[in-house]
Amino acid sequence: MTAAMDISVTKTGRSRLPELDMNNLPFGKNFTDHMLVADYENGEWKNAAIVPYQPLQLSPSLAALHYGQAIFEGIKAYKDREGHPFIFRPYDNFKRFNISAERMQMPAVPEEIFMDGMRQLIALDQAWIPMKEDYSLYIRPFMFSTDELIGVRPSDTYKFMIILSPCGPYYAEPMRIFVEEHYVRAVPGGVGYAKAAGNYGAAMLATAEAKKKGYDQVLWMDAIEHRYVQECGTMNVFFIIGNTAITPGLEQGTILEGVTRMSVISMLKEMGVKVEERDLSIDEIVAAYNAGEHMEVFGTGTAATISPIKELGYKDLSMKFDLSKWKIAPAVKKTITDIREGRIPDTHGWMYAV
Ligand SMILES: *Cc1c(COP(=O)(O)O)cnc(C)c1O
């Protein structure tokens with residue numbers, strides 16, 4: 001049961017769109033004219049509003065800054081060939097957002113704020129959705145605690161917001177990835193399955209050290225044995241070995257259940273590729289590599305879509321993959337991009353009309 005909620009709209013007096021260079025859109029740097037804001041107070045959501053994009057005024061004692069009750073989502077909107085705006089699978093992100101909220105002891109955000117607010121905001125700023133191939137409008141819903149109190153306890157008040165950022169391709173180049181055996185991202189019973197802000201800060205030291213060694217990202221291993229593959233930065237990871245696609249399972253709650261991951265699994269099955277969601281050890285990967293098996297390795301995520309991995313560094317071994325021989329990953333990438341950008345029919349019902 002969702003009662004309609006009035007979302008007030010205050011439009012900007014002057015659009016910044018004419019100042020935007022649509023041919024140069026680094027990820028997450030430019031924001032559209034408007035944003036959505038809603039407040040949680042006294043046990044209910046109120047003040048849902050679309051207003052001009054602007055800074056927030058926050059107290060130094062704001063709870064989120066001290067104890068990290070903060071979560072987010074990442075979604076993309078596109079235009080079809082006639083210029084109609086569509087959002088890729090936003091209900092899946094909506095559900096995941098409230099799973100993250102529950103894990104962090106934050107209130108659920110109702111559908112009429114998350115979904116209707118997002119739709120109205122995008123409708124208002126739709127001129128900001130790029131139509132160029134591999135470009136899109138990145139949607140960033142987020143929530144943080146707003147009590148002005150530095151006691152460690154769940155906040156009584158929260159702010160939910162959505163901001164929008166037009167962006168170009170995320171990782172243009174195939175990546176070199178370092179197999180991380182020292183630092184860990186998530187443990188069973190922890191918060192790995194939540195898109196909680198602190199997970200990303202916690203990953204930065206390992207990533208910085210991998211970058212010093214010449215890599216782009218780390219491939220996280222499980223926290224107990226440091227042997228089983230988990231995921232990669234803000235991407236789930238797939239290994240195609242022979243004609244089987246293997247991706248880590250979700251049972252342990254240590255990896256993020258990616259919407260792109262789900263979509264890629266469906267597409268692989270439709271292509272006749274066998275998909276296994278299971279534990280995959282680094283030893284199995286090394287054995288397949290040394291046996292000269294056909295291998296395609298890639299990350300999946302909203303920001304990056306499908307990112308090929310051209311090299312995996314593990315101890316003294318550098319596993320290099322010949323991208324010119326890949327067939328499955330490029331086909332999946334083409335299909336998902338064509339669906340999102342409206343070049344082929346959406347047979348799955350993934351595209352949500354704004
Ligand atoms: C967001 C994210 C992903 C990818 O999820 P999508 O829904 O496909 O964007 C994977 N891993 C982590 C850690 C993430 O934060």
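Here the structure is a predicted model, which is why all the values come from computation and not from measurement. (Residues numbered from 1 in each chain as written. Predicted model: local features only at pLDDT ≥ 70, side-chain atom pairs only at ≥ 80, totals over all residues. Heavy atoms only, no water.)

Asker: Looking at this structure, how should I read the overall build of the protein chain?
Answerer: Within the protein chain, the regular secondary structure consists of seven helices and 18 strands. The C-alpha atoms of the protein chain give a radius of gyration of 21 Å, which matches the 20 Å a tight globule of 354 residues would have. Expressed as a percentage of its 354 residues, the buried residues of the protein chain come to 52%. Summarising the internal contacts of the protein chain: among those between residues at least 6 apart in sequence, 71% fall at separations of at least 24. Considering the protein chain, the positive charge centre built from 37 side chains and the negative charge centre built from 45 side chains are found 4 Å apart. (Helix = DSSP H or I, 4+ residues; strand = E, 2+ residues; numbered from the N terminus. Rg over C-alpha atoms; globule rule 2.2 N^0.38 Å. Buried < 20%, exposed > 50% of the residue type's maximum accessible area, 1.4 Å probe, protein only. Contact = heavy atoms within 4.5 Å. Lys, Arg positive; Asp, Glu negative; His and termini not counted. Charge placed at Lys NZ, Arg CZ, Asp CG, Glu CD.)

Asker: What should I look at first to understand the site of the ligand in this one?
Answerer: Within the structure, the ligand sits among 15 residues, and K195, Y200, E231, T260 and T302 are positioned closest to it. Note that an oxygen atom of the ligand is positioned 2.7 Å from one of the side-chain N or O atoms of K195. With respect to the ligand, the side chain of Y200 contributes an N or O atom lying 2.4 Å from an oxygen atom. When the ligand is considered free in solution it has 380 Å² of accessible area, and contact with the protein chains removes 97% of it. Because more than half of its atoms lie within 2 Å of the grid, the ligand is assigned to the largest pocket. (Near = heavy atom within 4 Å. Polar contact = N/O pair within 3.5 Å; in protein donor to acceptor, adjacent residues only side chain to side chain. Areas by Shrake-Rupley, 256 points an atom, 1.4 Å probe, with all protein chains shown as cover. 1 Å grid on protein atoms, 1.4 Å probe; cavity = no way out; pocket = protein on both sides within 12 Å on 5 of 7 lines; lining within 4 Å. Sits in = over half its atoms within 2 Å of the grid points.)

Asker: Sorry, what's going on with the environment of L219 here?
Answerer: When you line up the elements, L219 lands in strand β10 (residues 217–221). Spatially, the C-alpha atom of L219 lies 9.8 Å from that of V184, the residues being 35 residues apart in sequence. Discounting chain neighbours no more than four positions away, the residues touching L219 are I177, F178, V179, E180, V229, E231, C232, V237, F239 and L312.

Asker: In this structure, what is going on with the packing of aromatic side chains? I would like to understand it.
Answerer: Centre-to-centre distance and the angle between the planes together describe a pair of aromatic rings. Going through the model one piece at a time under the given rule, you end up with 17 aromatic pairs. Members of the aromatic cluster, each reached through a chain of ring pairs, are Y40, W45, Y91, F94, F97, F114, Y158, F160 and Y352. One Lys or Arg, R340, reaches over the ring of F88 and ends 4.6 Å from the middle of that ring. (Phe/Tyr/Trp six-rings, centres within 6.5 Å; stacked < 30°, edge-to-face > 60°. Lys NZ or Arg CZ within 6 Å of the ring centre and 35° of its normal.)

Asker: I tried to follow unusual backbone geometry on my own but got confused; where do I start?
Answerer: For residues besides glycine, phi is generally negative; the peptide bonds are generally trans as well. For N42, which is not a glycine, the phi torsion comes out positive at approximately 50°. With respect to the helices and strands, the residue N42 is situated in the loop between β2 (34–41) and β3 (44–52). In this model, K315 sits at a positive phi of 50°, which is unusual for a non-glycine residue. Its location among the elements puts K315 in the loop between β16 (305–314) and β17 (317–320).

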